[in-house]
Amino acid sequence: MTALSTSSRRIVIFDTTLRDGEQSPGASMNLQEKLEIAQALAHLGVDVIEAGFPIASPGDFEAVRQISQTIRGPVICGLARCRDADIDRAWEALRYAERPRIHVFLATSAIHREYKLKMSKEDIVRQAVASVKRAVGYCPDVEFSPEDAARTEVDFLCEVVEAAIAAGATTVNIPDTVGYATPAHMGNLIRVLRERVPNIDRAVISVHCHNDLGLAVANSLAAVENGAGQVECTINGIGERAGNCSLEEIVMALRVRHDYYHASTGVVTQRIVPTSRLVAGITGLSVQRNKAIVGQNAFAHEAGIHQDGILKQPLTYEIMRPEDVGLTKSDLVLGKHSGRAALADRAKALGYNLTSEQLNQVFEQFKLLADKKKEIYDADIAILIDQQLHVVSELFHLDRYELSLATGKTPEVKLTLRRGEEKLTTQVAAGDGPIDAIFLAIEQLTGISTTCNDFRVHSVTVGKDALGEVVVQLEHRGQLYRGRGVSTDSVEAAAKAFLSAINRIAAAKGLS
Ligand code: KIV
Ligand code: ZN
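This report concerns the structure included in the present document. (Residues numbered from 1 in each chain as written. Chains lettered and ligands numbered in written order. Predicted model: local features only at pLDDT ≥ 70, side-chain atom pairs only at ≥ 80, totals over all residues. Heavy atoms only, no water.)

Summed over the entire model, instances satisfying the criterion amount to 37 salt bridges. The closest approach of N and O atoms between E33 and R504, which form a salt bridge, is 2.9 Å. On the criterion of sequence distance, the pair formed by E33 in helix α1 (residues 31-44) and R504 in helix α17 (residues 490-508) is long-range, its members being 471 residues apart. R504 sits in the buried class, given a relative accessible area of 14%. Ionic pairing is found between R151 and D148, a salt bridge with its closest N-O pair at 3.0 Å. Each of R19, D20 and E50 takes part in a single network of salt bridges with overlapping partners. (Salt bridge = Lys/Arg side-chain N within 4 Å of Asp/Glu carboxyl O. Helix = DSSP H or I, 4+ residues; strand = E, 2+ residues; numbered from the N terminus. Buried < 20%, exposed > 50% of the residue type's maximum accessible area, 1.4 Å probe, protein only.)

Next up on the list: the coordination of the zinc ion (ligand 2). The protein atoms donating to the zinc ion (ligand 2) are D20 (OD), H208 (NE2) and H210 (NE2), with metal-donor distances spanning 2.0 to 2.1 Å. Donor residues for the zinc ion (ligand 2) sit on one chain with the sequence pattern D-x187-H-x1-H. (Donors = N, O, S within 2.8 Å, 3.2 Å for Na, K, Ca; no water.)

So, about the sheet that holds strand β15 (residues 451-459). Overall, antiparallel pairing links the 3 strands, which are arranged β15-β16-β17 in an open sheet. Pairing within the sheet leaves two strands with one partner each, and these edge strands are β15 and β17 (479-487). Strand-to-strand, the axes of this sheet are offset by a mean angle of 15°, without reference to chain direction. Across 8 bridges, β15 lies against strand β16 (residues 468-476) in antiparallel orientation. (Pairing = 2+ DSSP bridges. Axes fitted to C-alpha atoms, helices over the stretch in contact; angles between N-to-C directions.)

Below, the discussion takes up the packing of aromatic side chains. Taken as a whole, this structure holds 6 aromatic pairs when the rule is applied. Summarising the aromatic geometry, the rings of W91 and Y138 are spaced 5.7 Å apart at their centres and angled 10° between planes, so their arrangement reads as stacked. Linking W91 in helix α3 (residues 84-94) with Y138 in helix α5 (residues 121-138), this pair joins segments that are 47 residues apart in sequence. Here Y138 falls in the partly exposed class, since its relative accessible area comes to 31%. With 6.0 Å between their ring centres and 15° between their planes, F363 and F366 make a pair best called stacked. (Phe/Tyr/Trp six-rings, centres within 6.5 Å; stacked < 30°, edge-to-face > 60°.)

Right, let's talk about the site of ligand 1 for a bit. Around ligand 1, a shell composed of R19, D20, H103, F105, S145, E147, N173, P175, T177, H208 and H210 is seen. Taking H210, its side chain carries an N or O atom lying 3.0 Å from an oxygen atom of ligand 1. Contact with the protein chains covers 95% of the free accessible surface of ligand 1, which is 260 Å². Listing elements by their share of the shell around ligand 1, those giving two or more residues are β5 (100-107), β6 (142-147) and β7 (171-176). Classifying every residue of the shell around ligand 1 by side-chain character gives 2 nonpolar, 6 polar and 3 charged. (Near = heavy atom within 4 Å. Polar contact = N/O pair within 3.5 Å; in protein donor to acceptor, adjacent residues only side chain to side chain. Areas by Shrake-Rupley, 256 points an atom, 1.4 Å probe, with all protein chains shown as cover. Nonpolar A, V, L, I, M, F, W, Y, C, P; charged D, E, K, R; others polar.)

The interhelical angle for the contact between helix α2 (residues 58-70) and α3, taken along N-to-C directions, is 40°, at an axis separation of 7 Å. Here α3 runs oblique to α2, going by the angle between their axes. Within the contact between the two elements, α2 uses F61, V64, R65 and S68 and α3 uses R89, E92, A93 and L94. Its residues assigned to classes, the contact of α2 with α3 comprises 4 nonpolar, 1 polar and 3 charged. (Parallel < 35°, antiparallel > 145°, perpendicular 65-115°, else oblique. Contact = heavy atoms within 4.5 Å.)

This paragraph deals with the sheet that holds strand β4 (residues 75-81). Ordered by their spatial adjacency, 8 strands build a closed barrel running β2-β3-β4-β5-β6-β7-β8-β9, and the pairing between neighbours is parallel. Strand-to-strand twist across the sheet, computed as the mean angle between neighbouring axes with direction ignored, equals 25°. Both β5 and β6 contribute to a ladder of 6 bridges, which runs parallel. Within the sheet, the bridge partner assigned to A107 lies in β6 and is E147.

Once that is clear, we can look at helix α11 (residues 272-283). The first and last C-alpha atoms of α11 sit 16 Å apart over 12 residues, in line with the 16 Å expected at 1.5 Å per residue. With 11 of 12 residues buried, α11 lies mostly within the body of the structure. When we look at burial in α11, the residues that qualify are I272, V273, P274, T275, S276, L278, V279, A280, G281, I282 and T283. At the C-terminal side of α11, G284 shows a positive phi close to 75°. (Expected span 1.5 Å × (residues − 1).)

This part is about helix α14 (residues 356-372). With 17 residues, α14 extends 25 Å from end C-alpha to end C-alpha; this agrees with the ideal 24 Å at 1.5 Å per step. The set of residues buried in α14 consists of L359, V362, F363, F366, L369 and A370. On an axial view of α14, the arc spanned by its buried residues comes to 125°, and they lie on one face. Those residues of α14 that are exposed and angled more than 90 degrees off the buried face are E357, E364, D371 and K372. In this fold, the buried residues of α14 make contact with α13 (340-349) and α15 (378-389). (Arc of directions from axis to C-beta.)

Mapping T234 onto the fold places it in the loop between β9 (230-233) and α9 (247-256). Judged by its relative accessible area of 0%, T234 falls in the buried class. Here the side chain of T234 touches I238 through a polar contact of 2.6 Å, landing on its backbone oxygen. The residues touching T234, leaving out its near neighbours within four places in the chain, are D15, T16, T17, G21, N244, C245, S246, L247 and E248.

On their own, these measurements won't tell you what the molecule is for.
The following block contains the structure:
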């Protein structure tokens, strides 16, 4: 086993927001959104982008293909099971990439061998070797993952890893697929692999930790401490079930505690908050207020003693500076009289690079908002830009509605939608409440019926005139669709959110 260097090691940041992250329920993204996130990840400075699982669907294939064709800088990776058809399809999508990587995986734990795969240990090794060799035939950069490695017998894990490296794998990834490991367990596993696999120095050891016990970042750090050279992670920690190791947390932990880990990454940390905001906006998975690094409260100091300390010397209560993660410290409030230049300046400070056409569109919305709301904060501006940049091609547009409400009376609505040049108006629709009535009216007009699984409202900034943001998750024929709407009027925000989810359903059905 080669000793770990005490000078700084460079850890490879492998981002899987577009693959494992997209496996979060309700987080599926369209092609345009995936391209935008891939571009943001390249600007963020990640080393590898796992762009998708090409055989999984035509949409996944197209996303990996277009990301391979357009994104330059990071390695572009596509996932494949250890099957010939998967590997061939992955390569078809990846062949345009400047630096392609094929990632093949096969479960190795006894539970998966016995119940899922019904394969013997010998079969597993044979199939893993054959698949790695097939992938190496296409490109030299091949990653192999023994799925559920953390619950695999250690001797067998060493055997599979050795065989995969001998077959040409250049990265061996150790997934804790079900989030079962603890830091001591994961650290020990990586150390044992380094001690017992004779050819381990020919590959980079990677870790891929899930967060079922809330330990994904701690487990990844323990792996780095014991010699892992790559960490797989996602923006905001999104991913299957409780999610994956959060990129912002692992990167900042390595940076803040460089004294301990002697490891660094290529991530431009000032891009973290804008990228987090982009992913939250696109996926509809909002970040909890107290989330480390990117939560709204991450740098908020409430206690008087803390505030006093911060004013005297920020290091008293801050282990990193807000600006290090891209939080703009700004007291600048815009309003009715602010011009395009001031808006452009704030947009830039918030990490958005708008074209002049986009700036014009955002400025129009800004002026409308400034008529309703006296003070416009950074969070308002960010949400206006997100809304403007991520318009799903919309079949139905909200034209107007009239609500009649009175205590003790059933709320009624008359609502008009536009579909191209055509105007569609409901007869009066009644519901349990005003929002229910609006949702029913939209369903009547579009002919799309849904079940609403999630409905959340929150205020974007402070004050009675604050923008309200509504996020809904609708179920239609077993699939989940999300929608987001923003307005100073929360009923209108709900109507917009519902309609944006309906438009996603219409797009998925190919309605035009
Ligand atoms: O969690 C997991 O095991 C995975 C593999 C495909 C790497 O996502
Ligand atoms: Zn995973």
